[in-house]
Amino acid sequence: MAHKEVENYSAEEKRIAKNLGLGNFKGLYTITWGDAVDKGRLCDASSIRERIDYLRQHSGEIAVWRTVPPDHKHRWFADTDLSIYNPKIPAHKLILDYYQNFDRLFKKKGDLNKVAVDIIHDLGMKAYHWGDGLFDNSAPPHVLYAGIVPFCKEARLQQENPGICRCDIFGNPHYGVWEYRYPEARQFTIERFIEEINLYDFDGMMLSTRSHCIPATDGELYGYNDVIDKELIKRTKVSFRSPEYKSNENAKEIRRRILGESVTIFLRELREKWPENKELIVGIPRGDYWGPPYGNIFIDWRTWLKEKLVDGLYLGEISGKTLYRNVITPDQYRNFLSDEEAGIGVNPYYYDLEHIYGPECVDAGVKLYVNGDSKSVKRESCGGQYFPRLEMGKDQ
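Residues numbered from 1 in each chain as written. Predicted model: local features only at pLDDT ≥ 70, side-chain atom pairs only at ≥ 80, totals over all residues. Heavy atoms only, no water.

### Describing the overall build of the protein
Part 1 of the argument: Across its full length, the protein holds twelve helices and 15 strands.
Part 2 of the argument: Whereas a compact globule of 396 residues would reach a radius of gyration of roughly 21 Å, the protein reaches 21 Å, a difference of no more than 12%.
Part 3 of the argument: For the C-alpha atoms alone, the extent of the protein along its principal axes is close to 65 × 60 × 40 Å.
Part 4 of the argument: A buried classification covers 56% of the 396 residues belonging to the protein. (Helix = DSSP H or I, 4+ residues; strand = E, 2+ residues; numbered from the N terminus. Rg over C-alpha atoms; globule rule 2.2 N^0.38 Å. Buried < 20%, exposed > 50% of the residue type's maximum accessible area, 1.4 Å probe, protein only.)

Given below as C-alpha cells:
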C-alpha cells in the first residue's frame, strides 16, 4: 500500500533532505506498549493494526515496539515485592495495575508481541525492538521513581553489585546508570540485548539511551569510579581526587571523554556478537554531551560512525528528566554543558541537520532518523506551536 503525502516535514527539512539525500529521516516511530496498555489501548490485534496503519499512513518505515515479554524480563531484572505497594495510593496502584493488566492480557490474548511484529511486517514496515536499559537498569525500592513511588524492579547484576553504577566522588551510586568500562556490565547487557533481539522476528533494534533514573542535578556529579580515575591518570597524570583537578579544565574534559568512550567500548563488543541480519541504531540527544539525567558525558557518535558500530542514529531522544518535573524544577539543574530539552549547548536544529549530523551520516553510509516528537525539533520546525507530552507514548 502506498504512503500518503508526507505532512510532518517543514519546507526547510525537505530542502535539506533533498540536498543531502537523507531520505525519509522522520520515518521511525516508537510505540510505548506498556503505557498504552495501562490506558486500555493496544490490547488486541485490531487496535494494534489500527495504530501501526496510522503510522504507515504518516510515512512510517520503521515501527519500534517497546517489548514487554510475558516474564517481564525476570531473568535479568528482580521484581520488587508487590506487597510494599498500597493500592489506596494512586501512584502505587499504577504499579500494581501495570502488572495485573499485562498478566490478564497475556492470559487472555496470548503473546501480542509476536502479533504486533507480524502486523508491522504485513503493513510493509520494518519492526525494531526498543532496546531499553543501557542507562536504565532501575533501582532498589528505597529509591523513589518520579519522587513518589518505589522502583518496581532492579537489574540483578546491579542488585548484587551496586558498584557497577557510575558513582559520585564519595562512591554513592547513580542507580540505573552503569559504567561500561567494567567487563561484567558489558557482558550482562550484551547478553540481554542479544536475547531480546532474537525473541521475535525483529529487523533490528533501536538502542534507547533514555532513563527512568533519578536525574543528576549537577552536570559534574557522577562519573568518578576507580576505573575512570585510572584512565584519567594514565592520560593526564592528574587524579580527580587531587587538589589540582579542580582547576584543571583539560583534565575535566578528558574525564568527560573517557566517560563517553565507555559506551564506545560497549558498542564494539556488542557489534561483534550482533546478528548480521539485524540493524542497530542508537538514540541520542543533540549536543556534544548527554546532559540530564546523567551528566556531562561526551557522546562519541563520530567514532561509532567511523568504526561502523551502528547502522543509524536517532536524534532528539531526550533523557526523560520530565518524569521528575514535579520534584525537580528546571532551575535546580546546573553546570550542564548540554541539555537539549532546555536548549543549552545545542545548535539550531536545521544547522545540525544540514551541517553536522546529516553530512556525517551520509559520508559514513549510516542512516539518520529524527524524533518528530522532540520538543526542540518541534519548536524550530513548526514555529513552537506543538508541545507533545513526550512520556505518554501518544500523539497529541
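Additional details are given in the paragraphs that follow.
### Here's the deal with the state of the cysteines
Part 1 of the argument: Evaluated as defined, the whole model comprises zero disulfides.
Part 2 of the argument: The structure places no disulfide on Cys165, whose sulfur is separated from the nearest cysteine sulfur, that of Cys167, by 9.1 Å.
Part 3 of the argument: Residue Cys165 is classed as buried on the basis of its relative accessible area of 1%. (Disulfide = S-S within 2.5 Å.)

### Topic: the side chain of Glu220
Part 1 of the argument: For Glu220, the location among the structural elements is in the loop between strand 10 (204–207) and helix 8 (226–236).
Part 2 of the argument: Reaching out from Glu220, the side chain makes a polar contact with the side chain of Arg255 at a distance of 2.8 Å. (Polar contact = N/O pair within 3.5 Å; in protein donor to acceptor, adjacent residues only side chain to side chain.)

### Thoughts on the pattern of salt bridges
Part 1 of the argument: Scanning the entire structure with this criterion turns up 34 salt bridges.
Part 2 of the argument: For the salt bridge of Arg268 with Glu307, the shortest nitrogen-to-oxygen distance reads 2.8 Å. Here Arg268, found in helix 9 (residues 249–273), pairs with Glu307, found in the loop between helix 10 (301–306) and strand 14 (312–315); they are 39 residues apart in sequence, far enough to count as distant.
Part 3 of the argument: For Glu307, a relative accessible area of 34% gives the class partly exposed.
Part 4 of the argument: The shortest N-O distance in the salt bridge between Arg286 and Glu340 comes to 3.5 Å. You can see Arg286 sitting in the loop between strand 11 (279–284) and strand 12 (289–291) and its partner Glu340 sitting in the loop between strand 14 and helix 11 (349–364), a full 54 residues away along the chain. Just as Arg286 is buried, Glu340 falls in that class too.
Part 5 of the argument: What you see here is one network of salt bridges that share partners, running through Arg66, Lys73, Asp132, Arg192 and Glu196. (Salt bridge = Lys/Arg side-chain N within 4 Å of Asp/Glu carboxyl O.)

### Brief notes about the packing of aromatic side chains
Part 1 of the argument: Considering all chains together, one arrives at 24 aromatic pairs under this definition.
Part 2 of the argument: Ring centres of Trp76 and Phe188 lie 5.2 Å apart, and the angle between their planes is 90 degrees; this geometry places the pair in the edge-to-face category. Highlighted residues: Trp76 in the loop between strand 2 (62–65) and strand 3 (77–79) and Phe188 in helix 7 (residues 183–197), separated in sequence by 112 residues. The pair Trp76 / Phe188 is uniform in exposure class, with both members buried.
Part 3 of the argument: Between the aromatic rings of Tyr200 and Phe202, the centroid separation amounts to 6.0 Å while the plane-to-plane angle is 90 degrees, which identifies the pairing as edge-to-face. (Phe/Tyr/Trp six-rings, centres within 6.5 Å; stacked < 30°, edge-to-face > 60°.)

### Things to note about the confidence of the model for the protein
Part 1 of the argument: In this model, the protein carries a mean pLDDT of 92, and residues with pLDDT of at least 70 account for 93%.
Part 2 of the argument: Contacts for the low-pLDDT stretch residues 383–396, under 50 throughout, to residues beyond four places or in other chains number 34 contacts. (pLDDT = per-residue confidence, 0-100. Contact = heavy atoms within 4.5 Å.)

### Digging into helix 8
Part 1 of the argument: Every buried residue of helix 8 is listed here: Ile228, Asp229, Glu231, Leu232 and Thr236. Summarising the axial view, the buried residues of helix 8 lie within an arc of 165 degrees, below the 170-degree limit, and thus occupy one face. Seen from the buried face of helix 8, the exposed residues on the opposite side, beyond 90 degrees, are Asp226, Lys230 and Lys234.
Part 2 of the argument: Looking at the buried positions of helix 8, the neighbouring elements they touch are helix 9. (Arc of directions from axis to C-beta.)

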